[in-house]
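Architecture and fold: a report
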Amino acid sequence: MPTPLDELSTAQINAIQTHPLHQQGFRTIITLIRQLRTCESQADLYDFQQVLLDELLTIEEHRLKCRRVVKRLERGRSVPADAVALVGTGDPQQLATWQLEHDVCVRVSRQLRCVGDALAWQAFDYQRNFVLVLSRNQPPGPMAGKAGLLAEREFLTRTWRDDGHFAIMHDLTSCLRIGDASVFMPGFVRLEEIKTNNEHHTATQKHRIRTAGEALRSAAPMPTGQVPVKIDVPYRTHLDVLREVLDLAHQRGLQRAQVPGGRALVAGNLFTAPSRWPEEEFGRRFSAAMQTAKRQARIVNGHEITLKSVDQVGRSPVAPPWAIYPLSPEMCASLIVDAAFFYVSMSSTRVLDALAGHGLRAEWLQPLDEDTDPTAPLLQIDRVISRRPGVTNVGRVSMNFVELNRLLLELVDLDTWAKHIDIMLARTDLAGVSPWPYFVDEWKVWV
């Protein structure tokens, strides 16, 4: 993963956002999201995948050619006579010019894969549990120059032409990380590992694919041992508030709002804000809006959790991609390229109170500050399952920061979230396993 956008200097961010490749990528992503939303059949998905694949390979091939020049300049050599033509401006003899173009290609590739993630969610009927099963592996590398790419493309074509089945190429996404392709058969999905030489299959790969295939067909444990747990509760969100706030920020440059459940929401828009305020003034206004929104939501400083949309693309394979959010294609694309962004803060006390309302005891395991470890357990929740003389059976689950995405970036209703934890912990058959809950009607939010 490249350096997070908000950890770069203002000059670096501006150089990326104004680069011609980045701006062209933004326009391409809008077109692709519009096209994907019109797909109604496997034939449509097959044709769309070919278009997306061509777009991604074009930018990745340019990245490879830029990388070749970067390596030469880093070794003190000159730009080769047959170097690829730069798309951006700058001195073609300077390393910084080529490094910028390379880095922009990396970001645009990741942004295009966000559309690939949307394709995957749509192909799997927006059922997060299927995406979860296939996400438990390392992220894919670049496709351009990859050994076996031709074989994978031929497999997609042959499977459609000869069998009439749509197969999605996993490397086209950030979320599908087990196997090379998923083939959508009548009534089930078949995983494929496409190798030009069968000897390249390792025992670990075979086991991972077999385990994932079993998990796709049933409620069997996933390759990492987690067990999908079905939650038959309506998946209620407040994404309508997000849509309104983002639209107003696009008009005004900045907008704040309260979200039910003790949450403060502030959105900014880089298409509008620069024409209204200088950079430092916008920063001050954004911070002031955040403080006002937190005060109105009765959030006490030091007792909140905060997440931001900035540079989230591809970082969590199980999070819904921005491209399927119930927003306009233009706004989805703006979130993908970070031209639109939002911050959400939530009262840590309200989280505990909501859980207590369902008879659950919870405690925060880490300080809620900038030093929070996103991979370590953050929240521990207990539920008394049964009592008898001298013995109390307790169900327990812990969550890390990433698993709170539902509350902060998906804006799930707080009581819905607390209720699903209660239902999960009430299951006596889950003792000793690592559960991963999913809502059976979640597809209604994203479709």
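Provided above is the structure to which this section pertains.
This section reports on the structure supplied with the text.

Conventions used here
Residues numbered from 1 in each chain as written. Predicted model: local features only at pLDDT ≥ 70, side-chain atom pairs only at ≥ 80, totals over all residues. Heavy atoms only, no water. Helix = DSSP H or I, 4+ residues; strand = E, 2+ residues; numbered from the N terminus. Rg over C-alpha atoms; globule rule 2.2 N^0.38 Å. Buried < 20%, exposed > 50% of the residue type's maximum accessible area, 1.4 Å probe, protein only. Contact = heavy atoms within 4.5 Å. Lys, Arg positive; Asp, Glu negative; His and termini not counted. Charge placed at Lys NZ, Arg CZ, Asp CG, Glu CD. Pairing = 2+ DSSP bridges. Axes fitted to C-alpha atoms, helices over the stretch in contact; angles between N-to-C directions. 1 Å grid on protein atoms, 1.4 Å probe; cavity = no way out; pocket = protein on both sides within 12 Å on 5 of 7 lines; lining within 4 Å. Points joined across faces, edges and corners; volume = space filled by probe spheres on them. Nonpolar A, V, L, I, M, F, W, Y, C, P; charged D, E, K, R; others polar. Disulfide = S-S within 2.5 Å. Salt bridge = Lys/Arg side-chain N within 4 Å of Asp/Glu carboxyl O. Phe/Tyr/Trp six-rings, centres within 6.5 Å; stacked < 30°, edge-to-face > 60°.

With respect to the overall build of the protein
When helices and strands are tallied, the protein shows 14 helices and 12 strands. Whereas a compact globule of 447 residues would reach a radius of gyration of roughly 22 Å, the protein reaches 23 Å, a difference of no more than 12%. Summarising its shape, the C-alpha atoms of the protein cover approximately 80 × 60 × 45 Å along the three principal directions. A total of 447 residues make up the protein; the buried ones form 54% of that total. Look at the contacts in the protein between residues 6 or more apart in sequence, and 68% of them connect residues 24 or more apart. One way to put it: in the protein the 51 positive side-chain charges average out to a point 2 Å from where the 52 negative ones average out.

Describing the sheet that holds strand β8 (residues 340-347)
A sheet is described by the order of its strands in space; here four strands give the open sequence β5-β6-β8-β7, paired in antiparallel fashion. Strands at the two margins of the open sheet, each flanked by one partner only, are β5 (254-259) and β7 (304-308). The sheet shows a mean angle of 15 degrees between the axes of neighbouring strands, direction not considered. In this structure, strand β6 (residues 263-269) lies alongside β8, joined through seven bridges in antiparallel fashion. Its bridge partner lying in β8, V266 is registered against Y343. The sheet contacts of helix α8 (residues 239-252) involve β5, β6 and β8, and relative to β5 the element is tilted by about 160 degrees.

Focus: the pairing of strand β3 (residues 188-192)
Pairing between strand β2 (residues 181-185) and β3: five bridges, direction antiparallel. Note on β3: the bridge partner recorded for S182 is L191. Remark: two residues form the turn of the hairpin made by β2 and β3, two consecutive strands paired antiparallel; G187 in that turn has positive phi of roughly 90 degrees.

What about empty space enclosed by the protein?
By the definition in use, this model includes two cavities of 30 Å³ or more. What the largest cavity holds in volume is close to 180 Å³. Taken together, 15 residues form the lining of the largest cavity, with Q312, S316, A319, P320 and P321 sitting closest to its centre. Grouping the constituent residues of the lining of the largest cavity by class yields eight nonpolar, four polar and three charged. Taken as a whole, the second largest cavity encloses approximately 60 Å³ of empty space. Together, L5, I16, Q17, H22, R107, R110, Q111, D311, V313, I336, V337 and D338 line the second largest cavity.

Quick look at the state of the cysteines
The full count for this structure, using the stated rule, is zero disulfides. You can see C39 has no disulfide; the closest cysteine sulfur is in C332, sitting 15 Å from it. Here C105 stays unpaired: no disulfide links it, and the sulfur of C66, its closest cysteine neighbor, is 5.1 Å away.

So, the pattern of salt bridges
Counting across every chain of the model gives 20 salt bridges. Two residues, E410 and R128, come together in a salt bridge whose shortest N-O distance is 2.7 Å. With a gap of 282 residues between them, E410 in the loop between α12 (405-408) and α13 (414-425) and R128 in helix α5 (residues 128-133) connect regions that are remote in the sequence. By the burial criterion, E410 is buried, and R128 matches it. Between R128 and E442 there is a salt bridge, and its shortest N-O distance comes to 2.4 Å. With a gap of 314 residues between them, R128 in helix α5 and E442 in the loop between β12 (434-439) and α14 (443-446) connect regions that are remote in the sequence. Accessibility classification places R128 together with E442 in one group, the buried group. A single network of salt bridges, built from pairs that share partners, joins R107, R110, D311 and R315.

Regarding the packing of aromatic side chains
As enumerated under the stated definition, the model contains 16 aromatic pairs in all. Between F286 and Y343 the ring centres are 5.1 Å apart and the planes differ by 70 degrees, which places this aromatic pair in the edge-to-face class. Of the two residues, F286 is situated in helix α9 (residues 279-296) and Y343 in strand β8; the sequence distance between them amounts to 57 residues. By relative accessible area, which is 22% here, Y343 ends up partly exposed.

Some words on the layout of surface pockets
The space that makes up the second largest pocket amounts to roughly 1000 Å³. Contributing to the lining of the second largest pocket are 34 residues, with I13, L270, F282, D338 and F341 lying nearest its centre. Only α1 (10-17), α2 (20-37), α9 and β8 provide two or more residues apiece to the lining of the second largest pocket. No other element matches the eight residues that α9 contributes to the lining of the second largest pocket.

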